[in-house]
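Architecture at a glance
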Amino acid sequence: MKIVVCVKQVPATTEVSIDPETKRLIREGVSIEMNPFDTYALEQGILLREKHGGEVIVLSMGPARAELTIRESIACGADRGVLLNGRPLGGSDTYATSYILSQGIKKIGDVDLVICGKQAVDGDTAQVGPGMAAHLGWPQVTYVSRFVESGPLELKLERMHENGSDISLVKLPAVLTVLKDVNIPRIPTLKGRLNSRKVDITIWDEKDLETDPEKIGLGGSPTRVVSTRKPDARDKHTIVLNGSASNSARELVQILKSRIEL
Amino acid sequence: MKLTDTEIADNYNDVWVLGEVVDGQIHKVTLELLGVARKLADKRASGNSKVVCLLMGNKVNGLEKNLFYQSADRVIMVEDESLKYFNDLIYAAVVSRLIKKYKPEIVISGATSKGRSLMPLVAVQIETGLTADCTGLDIDEESGLLLQTRPAYGGNIIATIKCENHRPQMSTVRQGVFKAVEADNSRTGELIREGVLEEEKQTRFTVLSEESYGEDSKISLHDANIIVTGGRGVKSPEGFKIIHALAESVRGAVGATRATIDSGWISYSHQVGQTGLTVQPKVYIACGVSGQIQHLVGMQSSDFIIAINKDPDAPIMQLADVAIVGDLFEVVPEITKLMSN
Ligand SMILES: Cc1cc2nc3c(=O)[nH]c(=O)nc-3n(C[C@H](O)[C@H](O)[C@H](O)COP(=O)(O)OP(=O)(O)OC[C@H]3O[C@@H](n4cnc5c(N)ncnc54)[C@H](O)[C@@H]3O)c2cc1C
Ligand SMILES: Nc1ncnc2c1ncn2[C@@H]1O[C@H](COP(=O)(O)O)[C@@H](O)[C@H]1O
């Protein structure tokens, strides 16, 4: 099985803020990590390779430093990595990103399975996996919570939704997005770490990928961020109750009862 | 595909809502979206923008009435056996074909697991942009474009997004963000029927069976008038007992912060916030919740917010209508006692 796992390098979201003057994202000093949801995608790729043989290729689009995230994946057990990097690729929205990644998958060639995380924590869109499936013309299985049966040509999977779950069958090649429920990701071994420092990471730019210049980067993105701001702190009058527990409770219940018929 | 201004002005009208059906009923989020779709359509200067609901499923006949009551001008109904289970590929093929045929200007769907699987497939198939999980939708008066507002970076940033040269403009929206309009039982509209093509049914993906969580495990956070939420301040799984007791005494539902779920004190289905549910009850009672932005985005449009916290400076205390400074283990049982009487 030739498996591609898509991993994204993301900023630690809790540390991100906006510069009040320039209105731009402050990136300096913000730590970066592998998108937490992608660790489950990676582990699943490794589990499938252990069962069926083949290789796990980690694919990431991002700045040069995203190479670190690829090396981290190799330390965990991926065989090799491909970084899609080039100035014209920057500023891509989910449409352009999924197009570029799908070009990378085509160039890798003979891929049986693409596994993505449920979503990336920076944008929380969950759109790149399905977008790739559409660009490739492959079936997708989203929100996968369990691998019921896996064969080299077909997978039986459980999907989760708000009100329940279902069992489905998909013929490969396909694109999956997986939930935390699928496995418990392993941590890198010492040998893995040493190995990850030595391997060469393949780097492709827009020319290597033969991308349509009209479909990449800021210019190739149908959506555009026109403004950003800090979340509203709702400005309002708060009644503060700071007496004894029983007094506060009594006052609150009075307020509550006057507001609603229970 | 990039379009020119005249191509857009000449061809694209109407605001579409992709309807969703659960257990034979119209999903609440669909009704909420019809509410906002009405506002958007009415704001379009052209004056001939209709609210259209596309409803697909294997047993959806008859459900159109409700959609008309809730402000749809037109319902496009696709009833077919092949739509019994959610096969994204069949659904997407039909939606993409119908969008190309009718050329709506705006298409919105619930940010449910189905909506979030279907919409990005469709957006790429018809080559347009899509904005996920919008918390605000409006029409820009000057340009007539859809302004899509959404949180990013775990809610630390609110971004406004436009889709200028591609049509339709597409967004998904979580349940609870918008309000449904009052049903008007005298309203009616136009019903159009469409089908599923044979070739659209041939996919390399098959749903074999479906399982629905039973009634009792269905936590109706969305339907509850009152939600009592426990945060890390409840300290342990046992600590949630007093939260459940209060919720029971006010006939409410139990919510939770991600911190408590990550600690394994309560299940994910209770999570309120950025990566959980967006709720909008009449009363929201936050107990031992600090009020980090990721939690606030999921509950800040509740009508009335009560916070119980030891720390008077916790962010939730600023947002609250009533802030009780105190130990939740003392205050919460007192409230339960008074409410039970
Ligand atoms: C990408 C991302 C997405 C996230 N999504 C969500 C989400 O959807 N929902 C969510 O909730 N969080 C989410 N979070 C986590 C969020 O940032 C916070 O960590 C979380 O909401 C904090 O939970 P808490 O308020 O229970 O805990 P804490 O922040 O630890 O607050 C506990 C509070 O309890 C008070 N307290 C302690 N003991 C008592 C007592 N005896 N009586 C009264 N008060 C007491 C303390 O003063 C404190 O204010 C997300 C984070 C990230 C990075
Ligand atoms: N730049 C990227 N490089 C590699 N994989 C990505 C990238 N962006 C998104 N993905 C994959 O797509 C999933 C969903 O991301 P998103 O649609 O951004 O929420 C992630 O969990 C990754 O598996």
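These figures come from a predicted structure and were not determined experimentally.

1. A closer look at the domain arrangement of chain B
All names here are of chain B. The domains assigned to chain B are domain 1 (9–201) and domain 2 (226–340). Listed as interface residues are ten residues of domain 1 and, on the opposing side, eight residues of domain 2. Around 790 Å² of area is buried between domain 1 and domain 2 when both sides are counted, 39% of it from carbon and sulfur atoms. Applying the counting rule to domain 1 against domain 2 returns one salt bridge. For aspartate 303, the salt bridge is made with lysine 179, and the minimal N-O distance between the two is 3.9 Å. Remark: the boundary between domain 1 and domain 2 carries two residue pairs in polar contact (both at pLDDT 80 or more). Tallied by class, the residues present in the side of domain 1 that touches domain 2 amount to three nonpolar, five polar and two charged.

2. A word on the site of ligand 1
Close to ligand 1 lie 28 residues, the nearest being Arg232, Thr257, Thr275, Ser290 and Asn309 of chain B. Those chains with residues close to ligand 1 are chains A and B. Asparagine 309 of chain B places a polar side-chain atom, nitrogen or oxygen, 2.7 Å from an oxygen atom of ligand 1. In the complex, 85% of the free accessible area of ligand 1, which totals 990 Å², lies under the protein chains. Of all the secondary-structure elements, those providing two or more residues to the shell around ligand 1 are α8 (258–262), α9 (293–296) and α11 (328–340) of chain B. Tallied by class, the residues present in the shell around ligand 1 amount to five nonpolar, 17 polar and six charged.

3. What about empty space enclosed by the protein?
Where empty space is left in the structure can be found by rolling a water-sized probe over the atoms. For the structure shown, the criterion picks out three cavities of 30 Å³ or more. Of the pockets and cavities examined, the largest cavity occupies roughly 80 Å³. As for the largest cavity, its lining consists of Thr142, Tyr143, Arg159, Met160, His161 and Asp166 of chain A together with Phe86, Ser113, Lys114 and Ser117 of chain B. Only β9 (140–150) and β10 (154–161) of chain A together with α5 (113–125) of chain B provide two or more residues apiece to the lining of the largest cavity. Looking at the lining of the largest cavity residue by residue, the class counts come to three nonpolar, four polar and three charged. The space that makes up the second largest cavity amounts to roughly 60 Å³. Contributing to the lining of the second largest cavity are Thr94, Tyr95, Ser98, Gln127 and Gly131 of chain A together with Pro120, Ala123, Val124, Thr128 and Leu130 of chain B. For the lining of the second largest cavity, the elements supplying multiple residues, two or more each, are α3 (94–108) of chain A together with α5 of chain B.

4. Focus: the packing of helix α7 (residues 240–249) of chain B against α11 of chain B
When two helices pack together, their arrangement is captured by the angle between the axes and the distance separating the axes. Residues and elements named next belong to chain B. Two elements in contact, α7 and α11, have axes separated by 9 Å at closest approach and are oriented at 25 degrees. Taken together, the axis directions place α7 and α11 in an arrangement best described as roughly parallel. Classified by chirality, the crossing of α11 by α7 is left-handed. Across from Ile242, Ala245, Leu246 and Ser249 in α7, the residues of α11 making contact are Leu328, Phe329, Val332, Pro333, Ile335, Thr336, Met339 and Ser340. In the contact of α7 with α11, the residues fall into nine nonpolar, three polar and no charged.

5. Re the packing of aromatic side chains
Taken as a whole and assessed by the stated rule, the structure comprises two aromatic pairs over all chains. Taken together, a centroid distance of 6.1 Å and an interplanar angle of 50 degrees make the contact between tryptophan 16 of chain B and tyrosine 102 of chain B tilted. Within this pair, whereas tryptophan 16 of chain B is found in strand β1 (residues 13–18), its partner tyrosine 102 of chain B is found in helix α4 (residues 88–102), the two being separated by 86 residues in sequence. Looking at tyrosine 102 of chain B, the relative accessible area reads 22%, which means it is partly exposed. Note that lysine 107 of chain A overlies the ring of tryptophan 204 of chain A, its terminal NZ or CZ placed 5.2 Å from the centroid. When the ring centre of tyrosine 99 of chain A is taken as reference, the NZ or CZ atom of lysine 215 of chain A above it lies at 5.1 Å.

6. Quick look at the interface of chain B and chain A
The extent of an interface is frequently quoted as the accessible surface area lost upon association of the parts. Tallying the contact residues gives 78 residues for chain B and 82 residues for chain A. Of the roughly 6600 Å² buried between chain B and chain A, counting both surfaces, carbon and sulfur atoms make up 58%. Where chain B packs against chain A, one counts two salt bridges. The shortest N-O distance in the salt bridge between aspartate 88 of chain B and arginine 159 of chain A comes to 2.9 Å. The tally of links from chain B across to chain A stands at 30 residue pairs in polar contact (both at pLDDT 80 or more). When grouped by side-chain class, the residues that make up the side of chain B that touches chain A number 38 nonpolar, 23 polar and 17 charged. Here strand β14 (residues 223–229) of chain A runs beside strand β10 (residues 157–163) of chain B; their pairing, made up of six bridges, is antiparallel. Note that in β10 of chain B the partner of valine 225 of chain A across the bridge is isoleucine 161 of chain B.

Criteria and cut-off values
Residues numbered from 1 in each chain as written. Chains lettered and ligands numbered in written order. Predicted model: local features only at pLDDT ≥ 70, side-chain atom pairs only at ≥ 80, totals over all residues. Heavy atoms only, no water. Domains from an automatic or database assignment. Contact = heavy atoms within 4.5 Å. Buried area = accessible area lost by both parts, 1.4 Å probe. Salt bridge = Lys/Arg side-chain N within 4 Å of Asp/Glu carboxyl O. Polar contact = N/O pair within 3.5 Å; in protein donor to acceptor, adjacent residues only side chain to side chain. Nonpolar A, V, L, I, M, F, W, Y, C, P; charged D, E, K, R; others polar. Near = heavy atom within 4 Å. Areas by Shrake-Rupley, 256 points an atom, 1.4 Å probe, with all protein chains shown as cover. Helix = DSSP H or I, 4+ residues; strand = E, 2+ residues; numbered from the N terminus. 1 Å grid on protein atoms, 1.4 Å probe; cavity = no way out; pocket = protein on both sides within 12 Å on 5 of 7 lines; lining within 4 Å. Points joined across faces, edges and corners; volume = space filled by probe spheres on them. Axes fitted to C-alpha atoms, helices over the stretch in contact; angles between N-to-C directions. Parallel < 35°, antiparallel > 145°, perpendicular 65-115°, else oblique. Left-handed = near helix turned anticlockwise from the far one by under 90°. Phe/Tyr/Trp six-rings, centres within 6.5 Å; stacked < 30°, edge-to-face > 60°. Buried < 20%, exposed > 50% of the residue type's maximum accessible area, 1.4 Å probe, protein only. Lys NZ or Arg CZ within 6 Å of the ring centre and 35° of its normal. Pairing = 2+ DSSP bridges.

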